[in-house]
Amino acid sequence: MTTLAYDVAAIRADFPILSRTVNGKPLAYLDSAASSQRPRAVLEAVEYYETNLHSNVHRGVHTLSQLATDAFEGARDRVRRYLNAASTREVVFTRGATEGINLVAQAWGRSHLQRGDEILISAMEHHANIVPWQLISETTGAKLVVVPINDRGELDFEAYLTLLSSRTKLVAMTHVSNALGTVLPIARIVAEARARGITTLVDGAQAIAHEAVDVQALGCDFYVFSGHKLYAPTGTGVLYGREALLNAMPPWQGGGDMIRTVSFEKSTWNELPYKFEAGTPNISGVIGLAAAMDYVESLGLDHIAAHERSLLTEATAAISAIPGIRIHGTAEHKAGVLSFTLEGVHPHDLGTILDHEGVAIRAGHHCAMPLMDLLGVPATARASFGCYSTLAEVRQLINAVQKAREVFA
Amino acid sequence: MELQDLYREVILDHNKRPRNFGRLDPHDALANGHNPLCGDRLTITLNLDGQRIDDVKFEGNGCAISVASASMMTEAIKGKERSEVNALFDKVHALLTQQDAPADDLGKLAALSGVREFPARVKCASLCWHTLNAALADADNASPISTE
Ligand SMILES: Cc1ncc(COP(=O)(O)O)c(C=O)c1O
């Protein structure tokens, strides 16, 4: 097994925050699906940039401006390689997955959607892949159509095929569900849409740190993710878009950097990807993102995935043995996300008690209120794993859940 | 900061066996409260006799702190004049948010004093009080209020 060679202790040593305590207990950080922590390599890349290279990008003839621009554009090429995009013109920097989806909803949606058109999403989308489509539907008259899921939290693929029609203009689906951990058969989903000439957007927020993504092999038109779930700083993100589509889209936000010429009568747009990057970007953050990608690839995404999978298997077995536990999301193909409820203990109370034991999990609706309605629960507790998670943390989680049972006995 | 300070016996008891749980029908006033952070939802119905709270019930779904707080609130305000309820609201609010707020003459409600050590949970405890205010403020208005 590759996991034998996986030195999690050495990896943890790369993440300074993991050695701190919380409430007098060692921190067991099991909330990487909400946001991951940063390795020293990322912190140092950001600091190096801020200490030695910083200036505004694309704007000056002076040395620092050139150095900053080179670093920034170097990061763009790093992202291109990470995603195997054909060109850096297809890599648009955003504030995160949310902004990427809003950009597509506004710039693509406004110019392509009409009354009666349908946007297909799954029943397990994050609000970020629901609300932007509702907003654009309000102005265009398009309609949101939801593909149902089964009891295990898997997409009903037959229903998906049935719902694909001549009215479908866009399929916008998550790659991995943040609330259930389900890994969707995204390649098949995209292939079926493409075969019918339907545009596709993949929300990769939960996939990007856990499996290798090749946008050309996947064949999607748009792929979005956030840097902070990939061990990079917050306020960074990427929209990958197929060049022909990006070219045909009007700009989204106006300002500096996104223009070629401006007069008071009319402005013309810059080339890709700058057309979609109005204003001064998060330069240091993007440089941190590139460092995070180096870091993740040095560990190996398949090694990380295997490690997280073995933790998920252990955690699932251990928590299932606790009376009153119900696991939400039992898909055959799952990422390192364990969503659960404990009978008689509200997830919010569970979160507080676990925190008291040093265990950081997410308790709530996971920005997926429609999914919670479907599950018939107001909220769940969610433990999620990253490259640095350990079996000891899983045990700490299990002990803390037992403690919650005792408090509420 | 100890767990027992938050989850006192009386709170666990009111969570397990909430008092005045249900819905008054007919009622003079109804309000819905929602804490979007944790999904707590509750509905308060009450009947007034002039300025006096003749009867009150709550129903809903929430964490132990919000359920116990609502349960204890209904016990505390039943039969009270609105002016007394307003004074009680202020005292509970102070209890939940100020380190040195006095807990005397609050009765069972004093059990909520541990909540202030857990800032993330203050809204859970105050949701029912805000919802009560909404019900009192407009007996005909059932529009949801939120602690956000
Ligand atoms: C599946 C999914 N999509 C979108 C998002 C939104 O990401 P961000 O808040 O970083 O924009 C998240 C974050 O929780 C997510 O899990």
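Quick caveat, the model's predicted, so the values are computed rather than measured. (Residues numbered from 1 in each chain as written. Chains lettered and ligands numbered in written order. Predicted model: local features only at pLDDT ≥ 70, side-chain atom pairs only at ≥ 80, totals over all residues. Heavy atoms only, no water.)

Visitor: Honestly, the packing of aromatic side chains in this entry has me stumped. Any pointers?
Guide: Summed over all chains, the structure comprises nine aromatic pairs over all chains. Judged by centre distance (5.3 Å) and plane angle (50°), the rings of A:Phe72 and A:Phe93 are tilted. Here A:Phe93 lies in strand E4 (residues 91–94) and A:Phe72 lies in helix H3 (residues 63–83), a separation of 21 residues in the sequence. Centre to centre, the rings of B:Phe89 and B:Trp129 are 6.2 Å apart; their planes meet at 65°, and the pair counts as edge-to-face. (Phe/Tyr/Trp six-rings, centres within 6.5 Å; stacked < 30°, edge-to-face > 60°. Helix = DSSP H or I, 4+ residues; strand = E, 2+ residues; numbered from the N terminus.)

Visitor: What is the right way to read the domain arrangement of chain A from this model?
Guide: Residues and elements named next belong to chain A. Domain annotation of chain A identifies domain 1 (8–30 + 301–408) and domain 2 (43–297). Taking only C-alpha atoms, the centre of domain 1 and the centre of domain 2 are 28 Å apart. Of the residues lining the interface, 33 residues belong to domain 1; the matching set on domain 2 comes to 27 residues. Buried area between domain 1 and domain 2, both sides added, is near 2300 Å², and the carbon and sulfur share of it is 62%. Considering only the surface of domain 1 that becomes buried against domain 2, Leu 301, Cys 367 and Leu 371 emerge as the three largest contributors, covering 26% of it. Summed over the shared surface of domain 1 and domain 2, the number is 14 residue pairs in polar contact (both at pLDDT 80 or more). Only helix H11 (301–320), strand E14 (337–342) and helix H13 (369–375) provide two or more residues apiece to the side of domain 1 that touches domain 2. Residue contributions to the side of domain 1 that touches domain 2 peak at six residues, all from H13. (Domains from an automatic or database assignment. Contact = heavy atoms within 4.5 Å. Buried area = accessible area lost by both parts, 1.4 Å probe. Polar contact = N/O pair within 3.5 Å; in protein donor to acceptor, adjacent residues only side chain to side chain.)

Visitor: When you look at the pattern of salt bridges in this model, what are you seeing that I'm missing?
Guide: Side chains bearing opposite charge may pair, as long as their charged atoms lie close to each other. Inspection of the entire model under this criterion finds 28 salt bridges over all chains. With a closest N to O distance of 3.4 Å, A:Glu393 and A:Arg12 form a salt bridge. Of this pair, A:Glu393 sits in helix H14 (residues 391–407) while A:Arg12 sits in helix H1 (residues 8–13), and the two are 381 residues apart along the sequence. The exposure classification of A:Glu393 matches that of A:Arg12, with both residues buried. Of the charged contacts, one joins B:Asp13 and B:Arg19 as a salt bridge, the two residues approaching to 2.6 Å between their closest N and O atoms. Through salt bridges that share partners, B:Asp13, B:Arg17, B:Arg19, B:Glu75 and B:Lys108 make up one connected network. (Salt bridge = Lys/Arg side-chain N within 4 Å of Asp/Glu carboxyl O. Buried < 20%, exposed > 50% of the residue type's maximum accessible area, 1.4 Å probe, protein only.)

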